[in-house]
Structures are given as structure tokens and as C-alpha cells.
Amino acid sequence: MTHRLADFPAGEVARRRDELLALCAQAFCGAPWHEPPLGAVRTVERLLGSAAGRPDFRAVAAFGPDDELLGFTAGWTDTVLTGREPAFELAELVVAPAHQGLGTGRALHDALLAALAPGSRLLMTLDVPELTKRYERWGWSVCDRRTPGTSGRVYAVMRREDG
């Protein structure tokens, strides 16, 4: 399957809101996430609410031959995961289930990070081997584990140094 990668500026994110909702709902409803559709709404609203308006918001999308949205990744500089020094947070990496395992996620990941200045990178993902092992293959390492909120789900905080 071929895809085209392109920057995904805030205006385009807003224009494709319904596609983003559908994509996130599909991607998060299955294993390992098992999120209800409300999880997709929260993800997209976070992107459109505070994140896309940030001056350091950066996103890349993968499009199919008919300009359909196959996946996206987004991030910004923050101190939430570090508690102190600013670091770029890879906040979302979402790929349509039919396109998972085909290199789309890795291509999105690499394109987003390649455009950044050298420095620390952080992400937080569900602490399951399927996800943490993938990110470890991509140069990340677990630096902390957290159980935010009331769900009881454990998340791995992962770090990568580029530069």
C-alpha cells in the first residue's frame, strides 16, 4: 500500500475533523486500547482545542491515493511528562487498522521527528509489550510508569534523545 506523507497544519486538522474522529474511533476501539468512541472524541478535541493553536504544534499525516486520511502523528513541546525541562512530546500516533503493520506508523513517526531540532523526545503509551517493544525498536526507552486518572491502566513514559 502506498501513501503520501504531508505536513498537517492546524487548519487542515480542523478541516478534517470528521475524518479524524472516524480514524481515531477505528484505531482505538480494538486491541490493545479497547476505547469507546468517546476516547476518539477526546483525542480530536484535544488536538483542535489547545494543541493545534500552539506555536510549536507539529503534525504529519499519511494520505492514500484518493486523499483519504490513513494516519497522523502530532506533538508539541511541553513539560507535563518531565515535570521540569521542556521536551518535545510525541502526543499522538494513529493509523487506520487496515494500514497498520505496513510501515505507515513508522514513516509518520520518522517524518515528525526528522523535522525537529535536536533534543529530548517523550511519549506516553499504554504499557503493553505490543506498544513498548515497537517504540523500543524505534529508539525509545521506558523511563517511568504512571497510572493516571481512575481507570487503573498503566502507561509507560518513554524517552528518546535525538541529536
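Please read these numbers as outputs of a predicted model, since none were measured by experiment.

Procedures and definitions
- Every chain's residues receive numbers from 1 upward, in the order its sequence appears when written.
- In keeping with the model being predicted, local features are shown solely for residues with a pLDDT of at least 70 and side-chain atom pairs are shown and tallied solely at 80 or more, while totals for entire chains, interfaces and linings include all residues.
- Hydrogens and water are ignored here; the side-chain numbers use all heavy atoms of the structure.
- Put simply, DSSP H or I for four residues or longer makes a helix, DSSP E for two residues or longer makes a strand, and each gets a number counted from the N terminus.
- Burial status follows relative accessibility: with a 1.4 Å probe on protein chains alone, a residue under 20% of its type maximum counts as buried, one over 50% as exposed, and anything between as partly exposed.
- Whether two residues touch is decided by their heavy atoms; if any such pair falls within 4.5 Å, the residues are in contact.
- Areas reported here follow the Shrake-Rupley algorithm with a probe of radius 1.4 Å; residue values treat only the protein chains shown as occluding.
- Only four residue types enter the charge count: Lys and Arg as positive, Asp and Glu as negative, with His and the chain ends excluded.
- Lysine's charge is taken at NZ, arginine's at CZ, aspartate's at CG and glutamate's at CD.
- Fitting a line to C-alpha atoms yields each axis, with helices limited to the stretch in contact; the angle taken between N-to-C directions then spans 0 to 180 degrees.
- Oblique is the label for every angle not falling under 35 degrees (roughly parallel), over 145 degrees (roughly antiparallel), or within 65 to 115 degrees (roughly perpendicular).
- The crossing is said to be left-handed when, going from far helix to near helix, the turn is anticlockwise and less than a right angle, and right-handed when the turn is clockwise.
- For Phe, Tyr and Trp, rings pair up if their centres lie within 6.5 Å, where Trp contributes its six-membered ring, and each pair is then called stacked (planes under 30 degrees apart), edge-to-face (over 60) or tilted (otherwise).
- Two strands pair if DSSP finds at least two bridges between them.
- Think of it like this: strands point away, you trace from the first strand over the helix to the second, and a clockwise trace means the crossover is right-handed.
- UniProt positions are given in the numbering used here, feature names are shortened, and annotations may be inferred rather than shown by experiment.

Colleague: Sorry, what's going on with the overall build of the protein here?
Modeller: The helix and strand inventory of the protein stands at 5 helices and 7 strands. Along the chain direction, N to C, the helices and strands of the protein fall in the order β-α-α-α-β-β-β-α-β-α-β-β. Each of the three principal axes of the protein carries a C-alpha extent, and together these read 40 × 35 × 30 Å. Here the protein holds 163 residues, and 45% of them are scored as buried. Here the contacts in the protein between residues at least 6 apart in sequence split such that 59% fall between residues at least 24 apart. In the structure as shown, the protein presents an accessible area of about 8,000 Å², 54% of it carried by carbon and sulfur atoms. Here the protein contributes 19 positively and 21 negatively charged side chains, and the mean placements of these two sets differ by 4 Å.

Colleague: Can you walk me through the packing of helix α2 (residues 17–29) against helix α3 (residues 37–51) in this structure?
Modeller: Helix-helix packing is described using two parameters, namely the angle between the two axes and the distance between the axes. Direction vectors running N to C along α2 and α3 enclose 140 degrees, while the axes themselves pass 8 Å from each other. Looking at the two axes, α2 sits oblique to α3. The chirality of how α2 crosses α3 is right-handed. Touching Arg17, Leu20, Leu21, Cys24, Ala25 and Phe28 of α2 are Ala40, Val41, Thr43, Val44, Glu45 and Leu48, all from α3.

Colleague: Explain the packing of aromatic side chains to me, please; I cannot follow it from the model alone.
Modeller: The relation between two aromatic rings is expressed through the spacing of the ring centres and the mutual angle of the planes. With the rule as written, the count across this model stands at 5 aromatic pairs. Note on Phe8 and Phe63: the rings are 6.2 Å apart at their centroids and 75 degrees apart in plane angle, and the pair reads as edge-to-face. With Phe8 in the loop between β1 (4–7) and α1 (10–15) and Phe63 in strand β2 (residues 58–63), the pair connects residues that are 55 residues apart, well separated along the chain. You'll find Phe8 and Phe63 in the same group, each marked buried. Ring geometry for Phe57 against Trp76: centres 6.4 Å apart, planes inclined by 20 degrees, an arrangement best described as stacked. Separated by 19 residues along the polypeptide, Phe57 in the loop between α3 and β2 and Trp76 in strand β3 (residues 69–78) bring together distant segments of the chain. Both residues of the pair, Phe57 and Trp76, belong to the buried class. Here the aromatic residues Phe8, Phe63 and Phe72 are joined through ring pairs into a cluster of three or more.

Colleague: How should unusual backbone geometry be read in this particular structure?
Modeller: Note on backbone geometry: most residues besides glycine have negative phi, and most peptide bonds are trans. Positioned with a positive phi, Asp67 is a non-glycine residue whose angle comes to about 70 degrees. One can find Asp67 in the loop between β2 and β3. By relative accessible area, which is 33% here, Asp67 ends up partly exposed.

Colleague: Could you clarify how one ought to interpret the pairing of strand β5 (residues 119–126) in this entry?
Modeller: Note on strand geometry: in a regular strand, side chains alternate between the two faces of the sheet. Summarising burial for β5: 6 of the 8 residues are buried, a large majority. Examined bridge by bridge, strand β4 (residues 87–95) and β5 share 2 bridges and lie parallel to one another. Residue pairing in the sheet places Phe88 in a bridge with Arg121 of β5. Tracing the backbone out of β4, into helix α4 (residues 104–114) and back to the parallel element β5 gives a crossover that is right-handed.

Colleague: Before we go on, may I ask you to explain the UniProt feature "domain: N-acetyltransferase" (unreviewed entry) in the protein in this structure?
Modeller: With numbering aligned to this structure, UniProt lists the feature "domain: N-acetyltransferase" (unreviewed entry) at residues 61–117. Along residues 61–117 one finds 19% helix and 39% strand; the C-alpha atoms at either end are 20 Å apart.

Colleague: Is there a simple way to explain the sheet that holds strand β7 (residues 155–162) in this structure?
Modeller: Backbone hydrogen bonds hold the strands of a sheet together, and the pairing may be parallel or antiparallel. Strand order across the open sheet formed by 7 strands is β1-β2-β3-β4-β5-β7-β6, with mixed pairing between neighbours. Of all strands in the sheet, those bounded by a partner on one side alone are β1 and β6 (141–146). Strand after strand, the sheet turns through a mean of 25 degrees between neighbouring axes, direction not considered. With 4 bridges joining them, β1 and β2 adopt antiparallel strand pairing. What sits directly across from Asp7, in β2, is Val60. Along the sheet, helix α5 (residues 129–137) contacts β4, β5, β6 and β7; its crossing angle with β5, the most-contacted strand, is approximately 160 degrees.

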